[in-house]
Amino acid sequence: MERGNDTRISEFLLLGFSEDPELQSILFGLFLSMYLITVFGNLLIILAITSDSHLHTPMYFFLSNLSFVDICFTSTTIPKMLWNIQTQSKVITYEGCITQIYFLILFAVLDIFLLTAMAYDRFVAICHPLHYTVIMNPRLCGLLVLMSWIINILNSSLQSLMMLQLSFCTNIEIPHFFCELNHMVQLACSDTFVNNIVMYFAAVLLGGGPFAGILYSYSKIVSCIRRISSAQGKYKAFSTCASHLTVVSLFYCTMLGVYLSSAATHNAHSSATASVMYTVITPMLNPFIYSLRNKDMKRALKAFFVRRNV
């Protein structure tokens, strides 16, 4: 494929966090630990939900899908970074970079869609409890997840195909530990006007739209909880969505913090460091939030380990 001025870029350099050999060893151990915790923690959530028939409900169906997406999300970036540290290399191929962008966009926005579906599930459970099983039927839940995958596959394909149209000249250094779409567009030496329009339009539509849906769901949930007369009833209603609200707050606050701070400081290294929050820390913490704050999950995990030890 021709990419302008007969310039063919076959690879890029991921600068990462530091070139200090001692710090590289620390980073390798730290990120390997976080990656293993993320994979095994989310895998345990999936196994606990699938093995316990009491958890075969819409809420836990969405949670198991979220855990699967989180495993895929971190697997898109961390293994490559660990490999580069281990081999003392910064290289990522052009094809590898485009592939990484594709899956990063896919799984990041899938996270948002699943969190939105979970917010809608909590809204129906608290505000329309008598109609919950009718509204949140298996067909609707499956359709929500399927449509989320279809929309995000189309979006990721569009963004990646548009990246293929860009030309890259002499600057092949990426001030990040992964190929991030916005950084890649900034590195291009060809016209990026259309890319920026599509990128920001997709961000508003696929990021802002679901966020507005989450805010609307929780505004209705708060309104419903306030109408409950007993304090115990209010606590029980709030506790059913406390874990999800914590995860939503963590994911959106860290992501917004990253992009607002990077826009204000224009410091690529700070942006890369801050990106760790939503690409690594949040997927790692999700299993702890859902297992520690949820009695059903704790019971299911305990039963799972008991069966494994028998």
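These figures come from a predicted structure and were not determined experimentally.

Engineer: Would you take a moment to explain the state of the cysteines for this structure?
Structural biologist: Here, the word disulfide means a covalent bond between the sulfur atoms of two cysteines. Tallying each qualifying case throughout the model produces three disulfides. Between the sulfur atoms of Cys97 and its disulfide partner Cys179 the distance amounts to 1.9 Å. Linking Cys97 and Cys179, the disulfide has an S-S dihedral of approximately -120° and is accordingly described as left-handed. In this pair, Cys97 sits in helix H4 (residues 94–127) while Cys179 sits in the loop between strand S3 (173–174) and helix H7 (181–187), placing the two residues 82 residues apart along the sequence.

Engineer: For this particular structure, what's the right way to read a nonpolar patch on the surface?
Structural biologist: A cluster of nonpolar side chains, contributed by Leu143, Leu146, Met147, Ile150, Ile151 and Leu154, occupies part of the molecular surface with about 510 Å² of accessible area. Tracing the backbone shows Leu146 in helix H6 (residues 138–164).

Engineer: Help me understand unusual backbone geometry in this model?
Structural biologist: Of all residues except glycine, most have a negative phi; of all peptide bonds, most are trans. Of note, the phi angle at Gln88 is positive, near 55°, even though the residue is not glycine. Looking at the secondary structure, you find Gln88 in the loop between helix H3 (78–86) and strand S2 (91–93). Classification of Gln88 by relative accessible area gives exposed; the value is 77%.

Engineer: Could you clarify how one ought to interpret the confidence of the model for the protein in this entry?
Structural biologist: If pLDDT is low for a region, its predicted coordinates should not be looked at in detail. A residue-level look at the protein finds 91% of positions with pLDDT of 70 or above and a mean pLDDT of 86. In the model of the protein, helix H9 (residues 231–265) stands out as the element of lowest mean pLDDT, 73, in contrast to H6, which has the highest, 96. Considering only residues more than four positions removed or in separate chains, one finds that residues 1–7, a stretch of pLDDT under 50, has 13 contacts.

Conventions adopted
- Residues numbered from 1 in each chain as written.
- Predicted model: local features only at pLDDT ≥ 70, side-chain atom pairs only at ≥ 80, totals over all residues.
- Heavy atoms only, no water.
- Disulfide = S-S within 2.5 Å.
- Helix = DSSP H or I, 4+ residues; strand = E, 2+ residues; numbered from the N terminus.
- Patch = residues over 30% accessible without salt bridge, like charges linked within 9 Å, V, L, I, M, F, W, Y side chains within 5 Å.
- Areas by Shrake-Rupley, 256 points an atom, 1.4 Å probe, with all protein chains shown as cover.
- Salt bridge = Lys/Arg side-chain N within 4 Å of Asp/Glu carboxyl O.
- Buried < 20%, exposed > 50% of the residue type's maximum accessible area, 1.4 Å probe, protein only.
- pLDDT = per-residue confidence, 0-100.
- Contact = heavy atoms within 4.5 Å.

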